[in-house]
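Overview (structure and organization)
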Amino acid sequence: DARVTQTPRDKVTEMGQEVTMRCQPILGHNTVFWYRQTMMQGLELLAYFRNRAPLDDSGMPKDRFSAEMPDATLATLKIQPSEPRDSAVYFCASGLVPGIQDNYGYTFGSGTRLTVV
Amino acid sequence: GQNIDQPTEMTATEGAIVQINCTYQTSGFNGLFWYQQHAGEAPTFLSYNVLDGLEEKGRFSSFLSRSKGYSYLLLKELQMKDSASYLCAVRRTGGFKTIFGAGTRLFVKA
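Rules behind the numbers
Residues numbered from 1 in each chain as written. Chains lettered and ligands numbered in written order. Predicted model: local features only at pLDDT ≥ 70, side-chain atom pairs only at ≥ 80, totals over all residues. Heavy atoms only, no water. Pairing = 2+ DSSP bridges. Helix = DSSP H or I, 4+ residues; strand = E, 2+ residues; numbered from the N terminus. Axes fitted to C-alpha atoms, helices over the stretch in contact; angles between N-to-C directions. Contact = heavy atoms within 4.5 Å. Buried area = accessible area lost by both parts, 1.4 Å probe. Salt bridge = Lys/Arg side-chain N within 4 Å of Asp/Glu carboxyl O. Disulfide = S-S within 2.5 Å. Buried < 20%, exposed > 50% of the residue type's maximum accessible area, 1.4 Å probe, protein only.

**Focus: the sheet that holds strand β3 (residues 18-26) of chain B**
All names here are of chain B. Pairing is antiparallel in the open sheet, where 5 strands are placed in the order β1-β3-β8-β7-β6. The open sheet terminates on both sides in strands that have one partner only, identified here as β1 (2-5) and β6 (53-57). For this sheet, the mean angle separating the axes of adjacent strands, direction not counted, is 15°. Bridge count between β6 and strand β7 (residues 60-65): 5 bridges; the pairing is antiparallel. Bridged to Glu55 within β7 is Ser62.

**Structural notes on the sheet that holds strand β3 (residues 19-24) of chain A**
Residue and element names in this part refer to chain A. Here we have 4 strands laid out as an open sheet, ordered β1-β3-β8-β7, and antiparallel in their pairing. The open sheet has two free edges, formed respectively by β1 (5-7) and β7 (65-71), since each of these has just one partner strand. The sheet shows a mean angle of 15° between the axes of neighbouring strands, direction not considered.

**Focus on the interface of chain A and chain B**
Taken together, the contact between chain A and chain B spans 21 residues of the former and 17 residues of the latter. Carbon and sulfur atoms supply 57% of the area that chain A and chain B bury against each other, a total of about 1,700 Å² over both sides. Taken together, the connections running from chain A to chain B amount to 1 salt bridge. Across the salt bridge formed by Asp56 of chain A and Lys97 of chain B, the nearest N and O atoms sit 3.0 Å from each other.

**Let's talk about the state of the cysteines**
Residue and element names in this part refer to chain A. Counted under the stated rule, the structure contains 2 disulfides over all chains. In this model Cys23 forms its disulfide with Cys92; the gap between the sulfur atoms is 1.9 Å. In this structure the cystine formed by Cys23 and Cys92 twists about its S-S bond by roughly -55°; its chirality is therefore left-handed. In this pair, Cys23 sits in strand β3 while Cys92 sits in strand β9 (residues 88-95), placing the two residues 69 residues apart along the sequence. With a relative accessible area of 1%, Cys23 lands in the buried category. The buried category is assigned to Cys92, whose relative accessible area is 0%.

By themselves these figures say nothing about function.
Below, the structure written as structure tokens:
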């Protein structure tokens with residue numbers, strides 16, 4: 001089964017430190033999303049890419065978050081400096097949009113559970 | 001912008017049928033997804049609707065009315081393993097931005 005791979009699975013860091021999360025989308029998928037999930041806010045869209053081009057990052061705090069896709073096999077989400085309120089599960093999802101693949105939806109990675117202390 | 005509403009929680013009995021509703025407001029509708037998410041796990045895809053009507057997949061069906069901005073997910077023959085959160089997501093045209101609702105937590109009791 002094709003899968004989206006996210007690393008690390010868990011990350012505990014101190015406030016002020018830089019955090020980098022990585023995502024390997026499914027080969028051939030042209031759209032990659034970054035979502036953040038907390039109990040209070042649910043799944044929030046942070047940023048997404050189409051054919052590696054950033055389309056919308058309006059959901060990200062610009063001063064500390066950055067998202068890039070240096071090549072088709074890697075998407076990164078960076079937080080610098082991290083704060084306790086950034087504690088959440090960060091999910092990457094990929095899909096082939098648009099087309100018949102819509103019947104399969106987007107595939108989510110297992111997520112990175114970030115704790116900032 | 002987009003606005004998606006779902007009930008926060010629902011409880012149903014094993015073997016029964018449950019309907020989870022989702023209403024949305026968006027400009028440039030390009031499809032609606034339903035996802036299932038068990039506690040501590042990633043969301044998994046259940047269904048996709050872009051045209052009005054009912055899509056059936058085994059015990060799960062999803063319905064869409066674009067004119068009403070309304071969808072529902074129907075779960076039949078409920079099993080204990082169906083206890084999970086069910087997330088409704090709406091995709092927009094022009095970039096395919098996809099936003100999720102807050103989700104409905106379903107509790108299936110014996």
